[in-house]
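Spelled out, the chains give:
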2 protein chains.
Amino acid sequence: MGGEVLEFAILGLLQQSPMHGYELRKRLAEVLGGLRSISYGSLYPALKRLHAAGLVTTDEPDRRAPLPADAPPLTGRRGKVVYTITAEGKERFAELVSQAGPEAYDDGRLFGVHLAFFRHTAADVRLRILEGRRRTVERQRDGLRSSLARTRERLDRYTLELQRHGLDSVDREVRWLSELIDSERRQPGPGPGERPPPGGE
Amino acid sequence: MGGEVLEFAILGLLQQSPMHGYELRKRLAEVLGGLRSISYGSLYPALKRLHAAGLVTTDEPDRRAPLPADAPPLTGRRGKVVYTITAEGKERFAELVSQAGPEAYDDGRLFGVHLAFFRHTAADVRLRILEGRRRTVERQRDGLRSSLARTRERLDRYTLELQRHGLDSVDREVRWLSELIDSERRQPGPGPGERPPPGGE
DNA sequence: CGGTCGATGTATCGGGACGATACATCGGGA
DNA sequence: TCCCGATGTATCGTCCCGATACATCGACCG
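Residues numbered from 1 in each chain as written. Chains lettered and ligands numbered in written order. Predicted model: local features only at pLDDT ≥ 70, side-chain atom pairs only at ≥ 80, totals over all residues. Heavy atoms only, no water.

Draft legend 1. Expanded view of the overall build of chain A. Secondary structure assignment for chain A yields 8 helices and 3 strands. Along its sequence from the N terminus, chain A presents helices and strands in the succession α-β-α-α-β-β-α-α-α-α-α. Pairs at least 24 residues apart make up 67% of the contacts formed inside chain A by residues separated by at least 6 positions. With an accessible surface of roughly 11300 Å², chain A has 51% of that area assigned to carbon and sulfur atoms. (Helix = DSSP H or I, 4+ residues; strand = E, 2+ residues; numbered from the N terminus. Contact = heavy atoms within 4.5 Å. Areas by Shrake-Rupley, 256 points an atom, 1.4 Å probe, with all protein chains shown as cover.)

Laid out in structure tokens, this is it:
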């Protein structure tokens with residue numbers, strides 16, 4: 001069940017408007033946090049899975065023409081394919097967006113997608129996800145801290161620096177989450193269905 | 001050519017002393033930065049590749065010999081496989097450790113392994129890797145920054161926060177690298193061959 | 001003495017991700 | 001006109017990971 005991250009993100013983007021793969025990929029890069037852009041080798045298979053599962057449809061009905069063995073150069077038209085979310089897709093997305101347990105925040109990438117689509121998430125679920133994520137990351141930080149304490153004598157300065165930097169990053173993440181939580185408590189964002197994106201498309 | 005990270009790290013650890021897989025995995029987790037522990041589903045295939053390439057050997061030559069019941073089954077030894085680096089393995093490791101170009105620092109994971117084995121790296125190569133890494137990360141930061149500036153109006157507060165946090169992390173990494181560089185320039189660590197690990201086993 | 005529990009330990013499998021690569025169209029500037 | 005860079009779809013080989021299975025061992029407990 002590993003590969004839900006990409007599917008989730010795709011459904012979220014298609015929720016906003018139909019798109020073709022190329023644009024999907026660019027938007028994905030924004031949504032997934034700026035670094036880590038998704039490769040086409042992941043994207044197209046994911047779209048294929050979603051299509052097979054009936055969660056998205058494409059225009060372009062019959063591209064798989066039965067080409068003969070000694071076919072002509074096949075310089076046939078390879079057109080744009082626009083993907084649109086289906087009713088089942090929206091259903092599935094609503095289901096994913098309403099998850100508030102560990103499956104929503106234990107995996108950092110999955111948490112990132114949840115965060116990216118918080119606009120579609122109920123305010124109380126948002127808070128539970130943020131707090132759950134903070135607990136998870138705090139546990140990571142503690143593990144890292146004690147591991148660093150244990151190995152402090154055994155490792156050379158460079159490895160130690162690497163660990164220290166990692167610990168610092170995790171620590172910063174906890175603080176970042178705390179700020180998000182505070183801000184969310186002070187003034188919850190608009191709930192699902194109350195407001196589309198600020199500027200519009 | 002993707003999977004050199006793991007091979008590199010394994011060779012580096014086996015350089016210090018022979019080990020079996022289980023311990024290799026624990027050490028790998030330290031070396032790879034604390035988070036991101038390597039799974040056995042990656043480790044054993046990697047060891048198999050290294051073995052096939054002649055870079056490591058195993059004791060335990062014929063484990064698949066049908067033990068007769070009368071043979072006293074050397075208690076405690078049954079099943080463990082100790083991996084030892086070969087001469088070719090050491091050669092390959094020396095080759096990897098002396099790389100100072102983009103292949104050493106463009107990929108963050110590969111850079112991490114280089115850093116973890118800086119003990120075996122010449123002082124000038126160390127500096128070049130650190131500076132190269134800093135340039136790479138600075139470029140990432142700038143890309144992220146301008147992307148954030150471009151999308152500031154279009155995205156909702158949560159996605160923006162995610163991007164801001166990511167940018168902050170990258171920015172911190174640049175500063176961390178700068179500190180490493182300064183420290184390295186002030187007082188270079190011992191060069192290769194000058195010093196084994198500080199505490200020993 | 002037996003039981004079982006957690007640490008140690010080796011190994012594989014299915015499925016997903018990724019980098020590389022190929023193929024294809026199109027607007028615009030030299 | 002011609003090529004170049006952006007847009008665009010798609011696959012292949014290789015690797016990685018989570019899950020799983022299996023096995024041995026020392027220790028603690030009844």
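Structure shown, so let's carry the discussion forward.
Draft legend 2. Up close: the relation of the copies chain B and chain A. Mapping chain B onto chain A calls for a rotation angle of 180 degrees and an axial translation of 0.0 Å; the resulting RMSD is 0.1 Å. Both copies are brought into coincidence by an operation consistent with a two-fold rotation axis. In terms of C-alpha distance to the rotation axis, chain B has serine 169 of chain B as its closest residue, with the C-alpha 3.5 Å off the axis. A shared interface surface links the copies, since 98% of the contact residues of chain B are contact residues in chain A too. (Least-squares fit on C-alpha atoms with pLDDT ≥ 70 in both.)

Draft legend 3. Highlighting the sheet that holds strand S1 (residues 19–20) of chain A. Residue and element names in this part refer to chain A. The sheet built from 3 strands is open, its strands ordered S1-S3-S2 with antiparallel pairing. On the outer flanks of this sheet lie S1 and strand S2 (56–58), each paired with one strand and no other. Relative to strand S3 (residues 82–85), S2 runs antiparallel, the two being bridged by 3 bridges. Bridging from a neighbouring strand, threonine 58 pairs with tyrosine 83 of S3. (Pairing = 2+ DSSP bridges.)

Draft legend 4. Up close: the packing of helix H2 (residues 21–31) of chain A against helix H3 (residues 40–52) of chain A. Residues and elements named next belong to chain A. Orientation of H2 relative to H3, taken along the N-to-C sense of each, is 115 degrees, at an axis distance of 11 Å. Along this stretch, H2 crosses H3, giving a crossing that reads as right-handed. Two secondary-structure elements touch here, H2 through Gly21, Tyr22, Leu24, Arg25 and Leu28 and H3 through Tyr40, Leu43, Tyr44 and Leu47. When its residues are assigned to classes, the contact of H2 with H3 shows 7 nonpolar, 1 polar and 1 charged. (Axes fitted to C-alpha atoms, helices over the stretch in contact; angles between N-to-C directions. Left-handed = near helix turned anticlockwise from the far one by under 90°. Nonpolar A, V, L, I, M, F, W, Y, C, P; charged D, E, K, R; others polar.)

Draft legend 5. The arrangement of the side chain of aspartate 156 of chain B in detail. Note that aspartate 156 of chain B resides in the loop between helix H7 (123–151) and helix H8 (157–186). A polar contact is formed between the side chain of aspartate 156 of chain B and the side chain of threonine 159 of chain B, at a distance of 3.0 Å. Setting aside its immediate chain neighbours within four residues, aspartate 156 of chain B contacts Ala116 and Arg119 of chain A. (Polar contact = N/O pair within 3.5 Å; in protein donor to acceptor, adjacent residues only side chain to side chain.)

Draft legend 6. Structural view of the pairing of strand S3 (residues 82–85) of chain B. Residues and elements named next belong to chain B. Judged by which residues are buried, S3 turns out to be one-sided: Tyr83 and Ile85 face inward and are buried, whereas Val82 and Thr84, on the alternate face, are not. Judged from the 2 bridges that link them, strand S1 (residues 19–20) and S3 form a sheet pairing that is antiparallel. Bridge pairing in S3 places histidine 20 opposite valine 82. (Buried < 20%, exposed > 50% of the residue type's maximum accessible area, 1.4 Å probe, protein only.)

Draft legend 7. Highlighting the sheet that holds S3 of chain B. Ordered by their spatial adjacency, 3 strands build an open sheet running S1-S3-S2 (chain B), and the pairing between neighbours is antiparallel. With partners counted over all chains shown, the strands left at the sheet margins are S1 and strand S2 (56–58) of chain B, one partner each.

Draft legend 8. Molecular detail of helix H1 (residues 4–16) of chain A. All names here are of chain A. Relative to the 18 Å expected for 13 residues at 1.5 Å per residue, H1 spans 19 Å between its end C-alpha atoms, a close match to the ideal helical length. By the criterion of burial, H1 is predominantly enclosed, with 10 of the 13 residues buried. Three or more residues of H1 are buried, namely Val5, Leu6, Glu7, Phe8, Ala9, Ile10, Leu11, Gly12, Leu13 and Leu14. (Expected span 1.5 Å × (residues − 1).)

Draft legend 9. Seen up close, helix H6 (residues 108–116) of chain A. Residue and element names in this part refer to chain A. Here H6 lies mainly inside the structure; 7 of its 9 residues are buried. Buried within H6 we find Leu110, Phe111, Gly112, Val113, His114, Leu115 and Ala116. For H6, the N-terminal capping position is held by aspartate 107, with its side-chain oxygen 2.7 Å away from the main-chain nitrogen of arginine 109.

Draft legend 10. Quick peek at the packing of helix H7 (residues 123–151) of chain A against helix H8 (residues 157–186) of chain A. All names here are of chain A. Running from N to C, H7 and H8 cross one another at 160 degrees; their axes reach a closest spacing of 9 Å. One way to sum up the angle between H7 and H8 is to call them roughly antiparallel. Along this stretch, H7 crosses H8, giving a crossing that reads as left-handed. A breakdown of the residues in the contact of H7 with H8 according to their chemical character gives 13 nonpolar, 6 polar and 12 charged. (Parallel < 35°, antiparallel > 145°, perpendicular 65-115°, else oblique.)

Draft legend 11. Summary view of the confidence of the model for chain A. Residues and elements named next belong to chain A. Overall, the prediction assigns chain A a mean pLDDT of 84, with 84% of residues at 70 or greater. Ignoring residues within four places in sequence, the model shows residues 62–77, a span with pLDDT below 50, making 4 contacts including any to other chains. Contacts from residues 195–201, a stretch scored under 50 in pLDDT, to residues over four places away or in other chains number 7 contacts. (pLDDT = per-residue confidence, 0-100.)

Draft legend 12. A look at the interface of chain B and chain A. Counting residues at the interface gives 40 residues for chain B, matched by 39 residues for chain A. Here chain B and chain A share an interface that buries about 3400 Å² over both sides, 57% of which is from carbon and sulfur atoms. Among the residues of chain B in contact with chain A, Glu30, Tyr158 and Leu162 of chain B are the three that bury the most area, contributing 20% of the side total. Joining chain B to chain A, the criterion identifies 4 salt bridges. Here arginine 119 of chain A ties to aspartate 156 of chain B by a salt bridge, and the two come within 3.7 Å at their closest N and O atoms. Taken together, chain B and chain A are joined by 14 residue pairs in polar contact (both at pLDDT 80 or more). Mapped onto the side of chain B that touches chain A, the elements with two or more residues apiece are helix H2 (21–31), helix H6 (108–116), H7 and H8 of chain B. With 17 residues, the top contributor of residues to the side of chain B that touches chain A is H8 of chain B. For the side of chain B that touches chain A, the residue count by class is 14 nonpolar, 11 polar and 15 charged. (Buried area = accessible area lost by both parts, 1.4 Å probe. Salt bridge = Lys/Arg side-chain N within 4 Å of Asp/Glu carboxyl O.)

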